Amino acid sequence: MYAETEPGAAAERTAFRRAEKQYKLYKPPSRKGRSKSRSRSLSLPSLSAILSAVVDFHALLAAGKGELPAGIRRCDRAGFHLPVFCFLDRPGFYFIPGALSTEEQCYWIRESLKTFPQPPNRTNLTATYGPISDLLIAAKNQKILVEVESSSGKPRDEQNNVGENAHPGKFKFVDDSEIQKEERPKSTMAAALVRKLRWSTLGLQFDWSKRNYDVSLPHSKIPDDLATLAKKMAVPAMPSGEEFTAEAAIVNYYGPSDMLGGHVDDMEADWTKPIVSISLGCKCIFLLGGKTRDEAPTPMFLRSGDIVLMAGEARERFHGVPRIFTEGDQQDISGLVSELSDDDDRFILDYIHNSRININIRQVY
């Protein structure tokens, strides 16, 4: 699924890595490193100059039927009623700007936080805490996760305090008033766990350690409404006369300074079927490169509601997300802010102000 990281010195020399560094959001320097950072920033181009090279398909769509930049064309398909763009030198890649309405975006944001992390789906938290049910509800209600039984099956107060558990024990959500004094250092706010979400897997479960799908793991089928959406949106990239069948999905959760390094998606059996990738929340920069990291990638903006399709030759191309935009550029999610204004959505609204969610749906076989 994700390509292995290049050795340090070699990585710095590739065109893809240089582009990642150019667009990456650097954290504010510490006081000790501030003078060094200031001198370095003087030699860097301004952010506006850097972003001027980023392809903006929303701006191209708003410009109407005028002349498109070199190398970009419309790839509209009969029977598919949304605008589609593609690159002449990137066959198999399709960009559908504004594919989802604001209401649809909010629905899938809620599902990504409430339903998709539910067992038997696995998340990056599963290895530490085991299956966690109703995480979003617990976060809304300011619950706290505590361990009530160790991996040995003994209550915490019957354990010998020697070493750490090799495997997670049993955990439950409780109110703050229920926590014993000795438990508090090892407790975790549910809201903090939501912020720690980085991925969840739907349908057939992907084994990150083995880089393949493990059919032996418990799983539920892809939700019908998500499968229907993917089938509908996959049309521009599908071979004539065939229909997309959603069998697995990976949901990525990005915090303010998170990035996704350059990788290829190559674990599915049939590359003629596209990956259907849905963007939600904060805007990001997406890099689409070549079949090696030595080829300079094309940067483009991905906004909430955009959908990208990658099929055929595009499946062999390195791609990644070096940056999301969370501060001073919130006009892109103003519609979401209005739609998520109810009290019940307050936690989700606070989350999506500085987060991005990506749902990528796959046909495995």
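For every chain, the first residue of the written sequence is number 1, and numbering continues from 1 onward in sequence order. Local features in this predicted model are restricted to residues whose pLDDT is 70 or higher, and side-chain atom pairs enter the listing and the counts only when it is 80 or higher, whereas totals over whole chains, interfaces and linings include all residues. With hydrogens and water set aside, each side-chain value is computed from the structure's full complement of heavy atoms.

- For the chain, an unreviewed UniProt entry supplies the name Fe2OG dioxygenase domain-containing protein and the organism Aegilops tauschii subsp. strangulata.
- Here is the UniProt Sequence similarities (unreviewed entry) comment for the chain, exactly as written: "Belongs to the alkB family." UniProt positions are given in the numbering used here, feature names are shortened, and annotations may be inferred rather than shown by experiment.

Here we look at the overall build of the chain
Right, so step 1: Secondary structure elements are taken from DSSP: a helix is a run of H or I of four residues or more, a strand is a run of E of two residues or more, and numbering for both begins at the N terminus. In terms of helices and strands, the chain carries 12 helices and 18 strands.
Right, so step 2: Burial status follows relative accessibility: with a 1.4 Å probe on protein chains alone, a residue under 20% of its type maximum counts as buried, one over 50% as exposed, and anything between as partly exposed. Taken over 365 residues, the chain has a buried fraction of 47%.
Right, so step 3: We call two residues in contact whenever any of their non-hydrogen atoms come within 4.5 Å of each other. Here the analysis covers contacts within the chain between residues at least 6 apart in sequence; of these, 77% occur between residues at least 24 apart.
Right, so step 4: Residue-level accessible areas treat just the shown protein chains as cover; the underlying method is Shrake-Rupley with a 1.4 Å probe. Put simply, the chain shows about 18300 Å² of open surface, and 50% of that area lies on carbon and sulfur atoms.

Quick word on the environment of proline 223
Right, so step 1: Here proline 223 lies in the loop between strand 10 (212-213) and helix 10 (224-233).
Right, so step 2: Residue classification places proline 223 among the partly exposed residues on the basis of a relative accessible area of 25%.
Right, so step 3: Residues proline 223 and alanine 246, spaced 23 residues apart in sequence, show a C-alpha to C-alpha distance of 9.2 Å.
Right, so step 4: Not counting residues up to four positions away in its chain, the partners in contact with proline 223 are Phe116 and Leu202.

Overview of helix 2 (residues 15-23)
Right, so step 1: Taken together, the buried positions of helix 2 are Ala15, Phe16, Ala19, Glu20 and Tyr23. Looking straight down helix 2, one finds that the buried residues subtend no more than 140° of arc, so they occupy a single side. The arc refers to the directions leading from the helix axis to the C-beta atoms.

A few points about the environment of aspartate 265
Right, so step 1: Tracing the backbone shows aspartate 265 in the loop between strand 12 (260-263) and strand 13 (275-281).
Right, so step 2: Here aspartate 265 falls in the buried class, since its relative accessible area comes to 5%.
Right, so step 3: When the C-alpha positions of aspartate 265 and alanine 314 are compared, they lie 9.4 Å apart, and in sequence the two are 49 residues distant.
Right, so step 4: Polar contact is the term for a pair of N or O atoms within 3.5 Å; when the atoms are in protein, one must be able to donate a hydrogen and the other to accept it, and sequence-neighboring residues count only if both atoms are side-chain atoms. A polar side-chain atom of aspartate 265 sits 2.7 Å from a polar atom in the side chain of histidine 319.

Notes on the pairing of strand 13
Right, so step 1: Within strand 13, seven of the seven residues are buried, which leaves the element mostly enclosed by the surrounding structure.
Right, so step 2: The pairing of strand 13 with strand 16 (residues 307-310) spans four bridges and is classified as antiparallel. Among the inter-strand pairings, isoleucine 278 is bridged to a residue of strand 16, identified as isoleucine 307.
Right, so step 3: Strands pair, by our definition, only if DSSP identifies at least two bridges between them. In this sheet, strand 18 (residues 356-362) lies alongside strand 13 in antiparallel orientation, the contact comprising six bridges. Note on strand 18: the bridge partner recorded for serine 277 is asparagine 360.

Structural notes on the UniProt feature "binding site: Fe cation" (unreviewed entry) in the chain
Right, so step 1: Within this numbering scheme, the UniProt entry marks His263, Asp265 and His319 as carrying the feature "binding site: Fe cation" (unreviewed entry). Annotated residues spanning 57 residues; largest pairwise C-alpha distance 8.9 Å, indicating a single compact cluster.
Right, so step 2: Tracing the backbone through its elements, the reader meets histidine 263 in strand 12.
Right, so step 3: Overall, histidine 263 belongs to the buried group, its relative accessible area being 3%.
Right, so step 4: From its side chain, histidine 263 meets the backbone oxygen of glycine 261 in a polar contact 2.9 Å long.

Some words on the sheet that holds strand 14 (residues 284-288)
Right, so step 1: Across the sheet, which stays open at both edges, the four strands sit in the order 12-17-14-15 with antiparallel pairing between neighbours. Each edge of the open sheet carries a strand with a single partner, namely strand 12 and strand 15 (298-302). Neighbouring strand axes in the sheet, compared pairwise and without regard to direction, differ in orientation by 25° on average.
Right, so step 2: With four bridges connecting them, strand 14 and strand 17 (residues 319-324) associate as antiparallel partners. Considered in strand 17, the bridge of leucine 287 is made with glycine 320. Interaxial angles span 0 to 180 degrees and are taken between N-to-C directions of axes, which are lines fitted to C-alpha atoms, for helices over the stretch in contact.

Some thoughts on the pairing of strand 14
The side chains of a regular strand alternate, residue by residue, between the two faces of the sheet.
Right, so step 1: For strand 14, a buried count of five out of five residues is recorded, marking the element as mostly surrounded by other parts of the structure.
Right, so step 2: On strand 14, burial covers both faces: Cys284, Phe286 and Leu288 on one face and Ile285 and Leu287 on the other are all buried.
Right, so step 3: As judged from the five bridges shared by strand 14 and strand 15, these two strands associate in the antiparallel manner. Within strand 15, the position partnered with leucine 288 by the bridge is threonine 298.

A look at the packing of aromatic side chains
Right, so step 1: Geometry of aromatic contacts follows a simple scheme: Phe, Tyr and Trp rings, the Trp one being its six-membered ring, pair when their centres are within 6.5 Å, and the pair is stacked under 30 degrees between planes, edge-to-face over 60, tilted otherwise. Scanning the model with the defined rule gives 10 aromatic pairs in all.
Right, so step 2: On the basis of an interplanar angle of 15° and a centroid distance of 6.2 Å, the ring pair of phenylalanine 93 and phenylalanine 286 is categorised as stacked. You can see phenylalanine 93 sitting in strand 3 (residues 93-96) and its partner phenylalanine 286 sitting in strand 14, a full 193 residues away along the chain. Across the pair, exposure class does not vary: phenylalanine 93 and phenylalanine 286 are buried alike.
Right, so step 3: Put simply, the rings of Phe57, Phe85, Phe87, Phe93, Phe95 and Phe286 pair up and form one aromatic cluster.
Right, so step 4: Sitting over the face of the ring of phenylalanine 85, arginine 74 holds its NZ or CZ atom 5.2 Å from the ring centroid.
Right, so step 5: The ring of phenylalanine 301 is capped by lysine 283, whose NZ or CZ atom sits 4.5 Å from the centre of that ring. We call a charge positioned above a ring when the Lys NZ or Arg CZ atom is no farther than 6 Å from the ring centre and deviates by at most 35 degrees from the ring normal.

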